[in-house]
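Summary of structural features
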Amino acid sequence: MKQLIIPDGYASPLSIRETEVAIKEVKDHFERSLAKNLHLTRVSAPLFVKPESGLNDNLNGVERPVSFGIREQDDANVEIVHSLAKWKRYALKRYGFHSGEGLYTDMSAIRRDEDTDNLHSIYVDQWDWEKVISREERNDETLEYTVRKVYAALKETEHFMARRYNYIDEILPDEITFITSQELEDMYPDSDPKEREYLFAKKKKAIFIKQIGKTLASGKKHDGRAPDYDDWDLNGDIIVYYPVLDIALELSSMGIRVDEESLARQLTLAGCEDRAHLDFQKSLLNGELPYTVGGGIGQSRICMFYLRKAHIGEVQSSIWPDDISKAAVESGIHLL
């Protein structure tokens, strides 16, 4: 039962029906706050894409997308999206967005190879957002400014929920702390990446780890990132300390996206030069798409955090191994 953490004496203050109401309140408030802080417009997004488009997110490069054939198109194969990291950049150009403007959308995905636990499900729901910037804004200052805007939306939502529900205390600090993955490795050289995240998040409560995907001085990476959307020098994760489970909880992955030079360099470093021939990557290398900053924010993750739930299945409907479902019921964890 290593996939299930059961906090001592855990009991949700909310019934399943009350939880459903609270989920809607969290999502509505955060979505409005995020859109206001970043000047975003909501758009519709695809559930599936053609493999040859290059638009699907390859994640760490080993996850298998769910695919199926379309009967009326001679069983042409399409894939359920892993995320919309690449599609959003294409959409910004197609919809006519300009510098300083952006979009966000509700993204639903199936990640069949996910190892499920208190935080992970095969069903993924998140807000995917993307904003046009100038080439001159592709720098660390823009990244940190944008992170603070996202964090402000997280803070505002926690304040709102704490007023609505008296069992919710505000635990996010006033400011988020920035650190690079290399600085974190230097600080905790004898710990693995997840242990480093935990130690630093517990100390600072809310952190942004920068430069994820590149190889560190140890010869290892802090975490994997696909080479064709984030610039590994200008990206990172928002992570908070979550006392209910005593863990570091990642709420968002975001960053300034690759330009022509960083895309070519990262495809080479990752041994993925063949992707340069896909439609999306060719458009990027030819300078046909806007420069952008963007990210994904887990909807169920933030609902779990704000409502102080022990398991992500308490705020989303998914499928779990039989032994996990049985243990959850016995422990007072009400999976939807």
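Within each chain, residue numbers correspond to sequence positions counted from 1 in written order. Local features in this predicted model are restricted to residues of pLDDT 70 or higher, and side-chain atom pairs are both shown and tallied only at a pLDDT of 80 or more, whereas totals for entire chains, interfaces and linings draw on every residue. Only heavy atoms go into the side-chain values, all of them from the structure, while hydrogens and water stay out.

On to the sheet that holds strand β7 (residues 177-180), then. One open sheet accounts for eight strands, arranged β1-β5-β6-β11-β10-β9-β8-β7; its pairing is mixed. The sheet is open, and its two edges are formed by β1 (40-42) and β7, each paired on a single side. Averaged over all pairs of adjacent strands, the angle between their axes in this sheet comes to 25°, without regard to strand direction. Here a strand pair is declared whenever DSSP counts at least two bridges between the two strands. By definition, any uninterrupted DSSP run of H or I lasting at least four residues is a helix, any uninterrupted run of E lasting at least two residues is a strand, and each is numbered from the N terminus. As judged from the four bridges shared by β7 and strand β8 (residues 206-210), these two strands associate in the parallel manner. Among the inter-strand pairings, Thr177 is bridged to a residue of β8, identified as Ile207. We call two residues in contact when some of their heavy atoms are within 4.5 Å. The axes used here are C-alpha line fits, helices contributing only the stretch in contact, and every angle between their N-to-C directions lies in the interval 0 to 180 degrees. Docked against the sheet, helix α5 (residues 193-204) engages β7, β8, β9 (230-242) and β10 (247-257), running at close to 140° with respect to β8.

The subject of this paragraph is the environment of Ala206. Position of Ala206 among the secondary structure elements: in strand β8. Distance in space between the C-alpha atoms of Ala206 and Phe178 is 9.0 Å, their sequence separation being 28 residues. Sequence-distant contacts of Ala206, that is, excluding residues within four places in its chain, are made with Tyr151, Pro173, Glu175, Ile176, Thr177, Ala201, Ile239 and Val240.

What follows deals with the sheet that holds strand β2 (residues 48-49). If you walk across this open sheet you meet the three strands as β2-β4-β3, and the pairing is antiparallel. The open sheet is flanked by β2 and β3 (67-70), the only strands paired with a single partner. For β3 and strand β4 (residues 76-80), the ladder comprises four bridges, and the chain directions are antiparallel. Bridge pairing in β4 places Phe68 opposite Val78.

Quick look at the packing of helix α1 (residues 16-38) against helix α8 (residues 299-306) now. The interhelical angle for the contact between α1 and α8, taken along N-to-C directions, is 115°, at an axis separation of 10 Å. You can see that α1 and α8 cross each other, and the crossing is right-handed. Packed against α1, whose contacting residues are Ile23, Val26, Lys27 and Phe30, the element α8 presents Gln299, Ile302, Cys303 and Tyr306 at the interface. Broken down by class, the residue content of the contact of α1 with α8 amounts to six nonpolar, one polar and one charged. Crossing handedness is defined as follows: a turn of the near helix away from the far one that is anticlockwise and smaller than a right angle gives a left-handed crossing, while the clockwise case is right-handed. Each residue gets one of three labels, nonpolar for Ala, Val, Leu, Ile, Met, Phe, Trp, Tyr, Cys and Pro, charged for Asp, Glu, Lys and Arg, and polar for the others, Gly among them.

Another point: the environment of Glu25. Take Glu25: it is sitting in helix α1. Taking relative accessible area as the criterion, Glu25 reaches 16% and is therefore assigned buried. At 2.6 Å, the side chain of Glu25 and the side chain of Tyr165 are in polar contact. Summary of the burial criterion: residues with accessible area below 20% of their type's maximum are buried, those above 50% are exposed, and those between are partly exposed, where the area comes from a 1.4 Å probe applied to protein chains only. The definition of a polar contact used here is a pair of N or O atoms within 3.5 Å, where within protein one atom must be able to donate a hydrogen and the other to accept one, and adjacent residues in sequence count solely through side-chain atom pairs.

This part is about the pairing of β10. Most of β10 sits inside the fold, with nine of its eleven residues counted as buried. Across nine bridges, β9 lies against β10 in antiparallel orientation. Bridged to Asn235 within β10 is Gly255. A loop of four residues connects β9 with β10, the two strands running antiparallel in sequence, and Asp246 in this loop sits at a positive phi of about 55°.

This next bit is on helix α6 (residues 260-269). Buried within α6 are the following residues: Ser262, Leu263, Gln266 and Leu267. All buried residues of α6 project into a common sector of 130° when viewed along the axis, lining one side. In this structure, α6 carries Glu261 and Leu269 as exposed residues pointing more than 90 degrees from its buried face. On its buried side, α6 packs onto β9 and α7 (279-285). Here α6 starts with a cap whose side-chain oxygen sits 3.3 Å from the backbone nitrogen of Glu261, and that cap is Asp259. Where α6 ends, the next residue or the one after it, Gly271, has phi of about 70°, a positive value. Picture the helix axis, draw a direction to every C-beta atom, and the arc is the one those directions span.

Right, let's talk about helix α9 (residues 322-330) for a bit. Buried within α9 we find Ile324, Ala327 and Ala328. On an axial view of α9, the arc spanned by its buried residues comes to 100°, and they lie on one face. Residues of α9 that are exposed and point over 90 degrees away from its buried face: Asp322, Lys326, Val329 and Glu330. Within two residues after α9, Gly332 carries a phi angle of roughly 80°, on the positive side.

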